[in-house]
Amino acid sequence: MKIFVDTAKIEEIKKVRDWGILDGVTTNPSLLSQTGKPWKEAALEILKEIPNKPVSLEVIATDFEGMVKEAKELAKMGDNVVIKIPFTYEGIKAVKALKAENIKTNVTLVFSSLQALIAAKSGADYVSPFIGRIDDIGYDGIGILEEIIHIYSLYNFETEIIAASIRHIDHVKQCALLGVDIATIPFKVIEQMFKHPLTDIGLKRFLEDAKKADITII
Ligand code: G3P
């Protein structure tokens, strides 16, 4: 499972990159607004910091022409830009047009397996079902993700599935068990994935015993 970090904060991206487990980044206007920097500055900083990994940047226009125009501008910012396009009639049309221009797309705001089916048929490179927000309205986000994985496997669609709107480590575990291509995870949740109380207790004990045994390696 590829790990993307769902953030626009450069310090968080650098940390996950330096841990050696970063495969890409997803942003959206809400995440960019949390950086406290002008959006373009924040986006360029990310693109330069991880030049070989995909970075999703979202369009703001909602009409076909506007989305295509914005996508072309965003694509100029770096070779690793992926254009996030909202799942709408106009958005799906834009995905097809952008594919013809070799611009990579990530269809966002996907909440059902039928929407994901349409996204794949439009030729999207990525589709982002929002697991947590589906849970928020009383439905089963992981269940819908499972449906999407199943449907895509039946038809060998090449669109990669990004499990998005991940809220906690159990979501990540369920994604991994289902074999999803990618999970885009908030930084705090990635940090939590490292943690286990028995690791801390075990390390403390080893260090105490190393002192007792007078172990010094260098
Ligand atoms: O990648 C999409 C994601 O950022 C949405 O997450 O927590 O706002 O539902 P959330």
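Here the structure is a predicted model, which means the values were calculated and not measured. (Residues numbered from 1 in each chain as written. Predicted model: local features only at pLDDT ≥ 70, side-chain atom pairs only at ≥ 80, totals over all residues. Heavy atoms only, no water.)

Regarding the pairing of strand β3 (residues 55–58)
Turning to step 1, where the next piece is worked out: Here β3 shows no split at all, with Val55 and Leu57 on one side and Ser56 and Glu58 on the other all buried.
Turning to step 2, where the next piece is worked out: Bridge count between strand β2 (residues 24–26) and β3: 2 bridges; the pairing is parallel. From the neighbouring strand, Val25 faces β3, where its bridge partner is Val55.
Turning to step 3, where the next piece is worked out: Pairing analysis gives 4 bridges linking β3 to strand β4 (residues 81–86), with the strands arranged parallel. Its bridge partner being in β4, Ser56 is matched across the sheet by Val82. (Buried < 20%, exposed > 50% of the residue type's maximum accessible area, 1.4 Å probe, protein only. Helix = DSSP H or I, 4+ residues; strand = E, 2+ residues; numbered from the N terminus. Pairing = 2+ DSSP bridges.)

Focus on unusual backbone geometry
Turning to step 1, where the next piece is worked out: One non-glycine residue with positive phi stands out, namely Asn102, at about 65°.
Turning to step 2, where the next piece is worked out: Relative to the helices and strands, Asn102 resides in the loop between α5 (89–100) and β5 (105–110).
Turning to step 3, where the next piece is worked out: A positive phi angle, close to 60°, is found at Leu109, a residue other than glycine.
Turning to step 4, where the next piece is worked out: Positionally, Leu109 belongs in strand β5.

A few points about the site of the ligand
Turning to step 1, where the next piece is worked out: Taken together, the residues surrounding the ligand are Asp6, Asn28, Lys84, Phe130, Arg133, Ala164, Ser165 and Arg167.
Turning to step 2, where the next piece is worked out: Alone, the ligand offers 310 Å² of accessible surface; in the complex the protein occludes 81% of this.
Turning to step 3, where the next piece is worked out: Under a 2 Å grid-point criterion requiring more than half of the atoms, the pocket assigned to the ligand is the largest pocket.
Turning to step 4, where the next piece is worked out: Residues belonging to the shell around the ligand are distributed by class as follows: 2 nonpolar, 2 polar and 4 charged. (Near = heavy atom within 4 Å. Areas by Shrake-Rupley, 256 points an atom, 1.4 Å probe, with all protein chains shown as cover. 1 Å grid on protein atoms, 1.4 Å probe; cavity = no way out; pocket = protein on both sides within 12 Å on 5 of 7 lines; lining within 4 Å. Sits in = over half its atoms within 2 Å of the grid points. Nonpolar A, V, L, I, M, F, W, Y, C, P; charged D, E, K, R; others polar.)

Considerations on helix α4 (residues 64–75)
Turning to step 1, where the next piece is worked out: Across its 12 residues, α4 extends 16 Å between first and last C-alpha, which sits within 8% of the 16 Å expected from 1.5 Å per residue.
Turning to step 2, where the next piece is worked out: Among the residues making up α4, those that are buried are Phe64, Gly66, Met67, Val68, Ala71 and Leu74.
Turning to step 3, where the next piece is worked out: Of the surrounding elements, those touching the buried residues of α4 are α3 (39–49), β3, β4 and α5. (Expected span 1.5 Å × (residues − 1). Contact = heavy atoms within 4.5 Å.)

Quick look at a nonpolar patch on the surface
Turning to step 1, where the next piece is worked out: Residues Trp19, Ile169, Met193 and Phe194 make up a contiguous nonpolar surface patch of roughly 380 Å² in combined accessible area.
Turning to step 2, where the next piece is worked out: With respect to the element layout, Phe194 can be found in helix α10 (residues 187–194). (Patch = residues over 30% accessible without salt bridge, like charges linked within 9 Å, V, L, I, M, F, W, Y side chains within 5 Å. Salt bridge = Lys/Arg side-chain N within 4 Å of Asp/Glu carboxyl O.)

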